[in-house]
Each structure stands twice: as C-alpha cells, then as structure tokens.
Protein chains: 2
Amino acid sequence: METVSTNRAHGGIQGVYTHASVATGTPMTFSVFVPDHAPGAVLPVLWYLSGLTCTHANVTEKGAYRAACAEYGIVFMAPDTSPRGDDVPDDEAYDFGKGAGFYVDATEAPWAAHFRMRRYIEQELPALVAQHFPVNMARQGITGHSMGGHGALTIALRNPGRFRSVSAFAPIVSPLHCPWGEKALTGYIGADRAHWRQYDACAMIDDGARLPDLLVDQGTADNFLAEQLKTYLLEEAVARAGMPATIRMQGGYDHSYYFISTFMAEHVGWHAARLQG
Amino acid sequence: METVSTNRAHGGIQGVYTHASVATGTPMTFSVFVPDHAPGAVLPVLWYLSGLTCTHANVTEKGAYRAACAEYGIVFMAPDTSPRGDDVPDDEAYDFGKGAGFYVDATEAPWAAHFRMRRYIEQELPALVAQHFPVNMARQGITGHSMGGHGALTIALRNPGRFRSVSAFAPIVSPLHCPWGEKALTGYIGADRAHWRQYDACAMIDDGARLPDLLVDQGTADNFLAEQLKTYLLEEAVARAGMPATIRMQGGYDHSYYFISTFMAEHVGWHAARLQG
C-alpha cells in the first residue's frame, strides 16, 4: 500500500492510498479519514460506497463527514467504484464500465477479468484496512449513495453479523426493476435474472436475508426517483419481511452531494449509536 | 441576474447565479446559500473571498459552511476571483491573470479594462445582492482564504463600519512583502509601491485603518507560510496598533480546503456572534 496524500483535517488525518488489488488485477485507490485517537486505540469503521461516475474523491471532498466522524471517533473508508486503467475494458455510457462497477463480480466477457468489486469490497479491502489502520473490525457500519447504496444494502444483506449498522442515501433498491440495474447486471453477469437476486436488496429480503436495522434518506426532487430508485419497492419489501427500517422521503432534495452532505452528519450519528454501544 | 442552478441543502437553497458586470465588463458568476427563514425576514450575510485559481465553486463544494450557516441563519456569498471569458487577458502563471484578481482595480494595460475586482466586490455585487436576496446589509461579515483573506482584510479596512465581523483563513497579509503580492501589484497597478499600500493589510493598519476585531487561522504545515503568507507581519502590525485580534497557528494544517473546512464552522459561529448581537 502506498500513500498518495495525507492532509490534517478536523484534528485527524484524511489520507488517500493506492495498492495493487488481487481481486481486480489493477491498482485501486481509496481514501480513509482517521480521527484523532489515543495511541494504540482502535476505532469503529464506517464504509461509504459511492455512486455512478464517482471515485473516492467525490465524498472525500464534498461529503462533509469529517466533523461528525471526529466527534464520534469513527474511521471513514471510501473506496473507488470500479477498476481503472488502460487495460480495463470500458463503455461509452456513464452507467456501465469504469465508474460503474455495481459492486458485483462480473462473469461475462470482457468484464470478468477485472470487474470484481464484490470480492474487492467484501474481502480484499477489509483485510488491507484491518492491517494498516487503527480499526476495530468487530464494529463496522456501511452506507452508500445511489449505486453505492445498492452496494451497501446488498453487501450487508449477504454478510449477516458483519455490520452493526446500515444506511443509505438515495439507494438503488432493486436492480431487477430499473434500467440501470438491468443494463449492468445483464452486461456483467448475464441475462439469467435468477442470478441477479444475490445483487438485489429487495429480492434478498424476500428470500429471507435481514438487516439489524436500516436508515434510508431519499430526496423527493431526485430526478432518478421515479424510473431508477423506486424507494417504494424497499418500503414494500421491509414491510413484507417485518424488518425494522426508517425510510425518510426528504422534501425538495435532489440526487447530488448537496443532499448527501445535508444528512451525512445525522447518518454518522446514527451509525455511531450502533457502533459504540 | 440569471439562475445557473439551485439545490436544496441543509434546509435552505444553495444557488449559483450569473450577471453582466459593469465593473468588469464581463459576465460574473457567484454562489449564494440562503438558509430556511421566515417569509419576509432578512438575514445577516457573510462574504467569502476565494484564493488563487479558485472560482465560487471550490468553497461551495468543499467549504463545509452550510450546516453552520443554517444553524445560525446566515446567508453565505461566494464571488469569483477574477473576470473570465475569451475577451479577458490572461497569463500562463496560476498566480496572475484569470483566477488571480487580487481584489484590486487594475490601472495597467492590458488589465485595466476588466480587472476591476475591488469595484466589483465593494460596490457592484453588494448592490445586486441587496436587491435579489433576503439580506440585512446592516449586518455584514467578511472572510476569505489566502488571496481572498487579503481581499477580506483590505476591503474591511477600507470600508470602516461596513462589516461587523472580519476573519481570514491563511491570508496574504502584506503584498508589499511577498512574491505573489509583488508580482500581482506590479502587473495590475504599476511599480510605484506607494500605490500598493491601499492593498496591503499591514500597511493600512500602520497607516491608521482599524478593524473592530479579527479572527485568523493559519496552518503551521502550510507550504506558503514562510515565503508568501508571513503571518508574523500581521501579528506585529496589530500589536503596534493595539488592535484586537485573535491569530491562531493551527498545528499540522496545510493550505487546502481540508484546513478551511476544519475551522469553517467555528468562523461562521464567530461571525454569527457579532452579526446577530
């Protein structure tokens, strides 16, 4: 692992790091904020998975999480959204290929060689982080935005007991039922929709997976709400399952980091209450 | 005035606007955050002047001011740092020409035609803002970063009584005594250093100008501290003048928005205490 940059911020260190990923077969970059802490202490860690077109940099610059993470003593981890580099296949569209890994392990050519974001986020990066940063891996939370909200929900549902707290900002809740999801899953893992259920939060809940609790914020002025995000599908799934969830429709908010940064401190506080109990 | 964009954020509206400036003879873009407020109410306004290479966008995206401005009920105004456009002369360097207006009225060719940032910030933009936004112009504060800290200090010193509160992040305190200032003032207003004193905070204080109070934060790991910023010159000037000032050296912080965003909420609170008394 190499250090790209470190900046003192909110009493801690905002770092950016790169490493050679076995899962993706490429260099991968991520950012980590480590608040000020006692020597030898280990802190809870909150994972943030980003949305389409983003890298680690968007939330690092615009996410407004550092004040809250410093207040509560929580490490904030922001990975990239796909493999990068000249050897990695891409697509002209913003919603497929680079910047659009969808947190799946691709099985279809030409994507299968590098688009292994599930394995990267679920296995490889946690091991790296546990080795290099002062984190208590028994106290992990996960959140994300849009495609990254989908990633947070499905990774938490697939790994029961790993995350004490789960939230999302404007998540894709059912790739089976939206154009973004249909395009990505067809391209990365093929046309058999039965295989998609492992990457669909609503289907996983219907199939019996559960979260300990859930906080979701969704803006009512989000241009993607009606066609892509369809928050009501998640509301219906958690109702059918009797799963505790707080799903809030936030009047007038859109899909941007203006929305995310507005509710970020509240999400960090919500995670902190569950990570530090 | 035309609206470029509006986004709901922290209960208010983050807007970006453009207008045809008489002072610069160009279109000018600025951002304004207006917190939620009672119908008909007018709010104090805090001006933020940006540093070299920046537009309104840097602080708007990375400044982390909205939570505090919403909490205290303060409008946040972020102008651009120079005229823009194909008709505007430029320089290859990052520290002169576009993005480097230094908040002066240029008198030298070819800059004098458009580089009228003093007149723009001191006269034209306040009149426009008073006309279009719910602001109480009897309750103005001003702050800024680096070149914008220089702007905030000198504009406040030149306009006694206009600003109830003044602060700065890592300001250029004496253009007479740093390479950035010498280059810019020579280029924009000529070689006669006697004319520079109206654009030099330390010289203005020595010449009798005063601020009601002052808060400055400066990072000790700022790469520009020794050669360009020379905070000690301001410390010496306020000491000679017996002017109240809180000048804080912040250990380990650099010149970036990681530094600015760390202390932004505290600055907004400091302004609020003086704007709302």
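Small disclaimer: the values here were computed from a predicted structure and weren't measured.

What counts, and at which threshold
Residues numbered from 1 in each chain as written. Chains lettered and ligands numbered in written order. Predicted model: local features only at pLDDT ≥ 70, side-chain atom pairs only at ≥ 80, totals over all residues. Heavy atoms only, no water. Helix = DSSP H or I, 4+ residues; strand = E, 2+ residues; numbered from the N terminus. Polar contact = N/O pair within 3.5 Å; in protein donor to acceptor, adjacent residues only side chain to side chain. Contact = heavy atoms within 4.5 Å. Buried area = accessible area lost by both parts, 1.4 Å probe. Salt bridge = Lys/Arg side-chain N within 4 Å of Asp/Glu carboxyl O. Nonpolar A, V, L, I, M, F, W, Y, C, P; charged D, E, K, R; others polar. Pairing = 2+ DSSP bridges. Axes fitted to C-alpha atoms, helices over the stretch in contact; angles between N-to-C directions. Phe/Tyr/Trp six-rings, centres within 6.5 Å; stacked < 30°, edge-to-face > 60°. Buried < 20%, exposed > 50% of the residue type's maximum accessible area, 1.4 Å probe, protein only. Lys NZ or Arg CZ within 6 Å of the ring centre and 35° of its normal. UniProt positions renumbered as here; feature names shortened; annotations may be inferred.

Draft legend 1. Inspection of the side chain of S165(B) at higher detail. Residue and element names in this part refer to chain B. With respect to the secondary-structure elements, S165 resides in strand β7 (residues 163-169). Among the polar contacts made by the side chain of S165, one reaches the side chain of H271 at a distance of 2.7 Å. In this structure, S165 is in contact with Q140, G141, I142, W270, H271, R274 and L275, ignoring residues within four places of it in sequence.

Draft legend 2. Representation of the side chain of D95(B). All names here are of chain B. Note that D95 resides in the loop between β5 (75-79) and α3 (117-132). A polar atom in the side chain of D95 sits 2.7 Å from the side chain of K183. Excluding residues that lie within four positions of it along the chain, D95 makes contacts with L52, A100, F102, W180 and K183.

Draft legend 3. Examining the interface of chain A and chain B more closely. At the junction of the two partners, chain A supplies 19 residues and chain B supplies 19 residues. Buried surface at the junction of chain A and chain B, summed over both partners, amounts to about 1,600 Å²; 50% is from carbon and sulfur atoms. On the surface where chain A and chain B come into contact, there are 1 salt bridge. Remark: the boundary between chain A and chain B carries 10 residue pairs in polar contact (both at pLDDT 80 or more). Ranked by the residues each element gives to the side of chain A that touches chain B, the list is headed by helix α9 (residues 257-275) of chain A, at 4 residues. For the side of chain A that touches chain B, the per-class residue count stands at 4 nonpolar, 10 polar and 5 charged.

Draft legend 4. Spotlight on the sheet that holds strand β1 (residues 2-9) of chain A. Residues and elements named next belong to chain A. Sheet architecture is open: 9 strands sit in the order β1-β2-β3-β5-β4-β6-β7-β8-β9, paired in mixed fashion. On the outer flanks of this sheet lie β1 and β9 (246-250), each paired with one strand and no other. Within this sheet the neighbouring strands show an average axis-to-axis angle of 20°, counted without direction. Across 4 bridges, strand β3 (residues 27-34) lies against strand β5 (residues 75-79) in antiparallel orientation. Paired with V32 across the two strands is M77, which belongs to β5. The strands touched by helix α4 (residues 147-158) within the sheet are β4 (43-49), β6 (135-144) and β7 (163-169), with β6 carrying the most contacts at an inclination of about 135°.

Draft legend 5. Examining the pairing of strand β1 (residues 2-9) of chain B more closely. Residues and elements named next belong to chain B. One ladder, built from 7 bridges, connects β1 with strand β2 (residues 12-20); its direction is antiparallel. Bridge pairing links E2 to T18 in β2. Turn length for the β1-β2 hairpin, with the two strands adjacent in sequence and antiparallel, is 2 residues, and the turn residue H10 shows positive phi of about 50°.

Draft legend 6. Examining the packing of aromatic side chains more closely. Residues and elements named next belong to chain A. Overall, the coordinates contain 30 aromatic pairs over all chains when judged by the stated rule. Where F30 meets F133, the ring centres are 6.4 Å apart and the plane angle is 75°; that geometry is what we call edge-to-face. Taken together, the residues F30 in strand β3 and F133 in the loop between α3 (117-132) and β6 connect sequence positions 103 residues apart. Of the two residues, F30 and F133, both sit in the buried class. Linked through ring pairs, F96, W111, F115 and Y188 together constitute an aromatic cluster. The residue whose ring lies beneath R66 is Y65, and the NZ or CZ to ring-centre distance is 5.1 Å.

Draft legend 7. Looking closely at the UniProt feature "active site" (unreviewed entry) in chain A. Residues and elements named next belong to chain A. Within this numbering scheme, the UniProt entry marks S146, D222 and H255 as carrying the feature "active site" (unreviewed entry). A stretch of 110 residues holds the annotated residues, and the largest C-alpha distance among them is 10.8 Å, short enough that they meet in one place. By the secondary structure assignment, D222 is in the loop between β8 (215-219) and α7 (225-229). Residue class for D222 comes out buried when judged on its relative accessible area of 5%. Discounting residues that sit within four places of it in the chain, D222 has contacts with A170, L229, Y253, D254 and H255. Within the secondary structure, H255 sits in the loop between β9 and α9.

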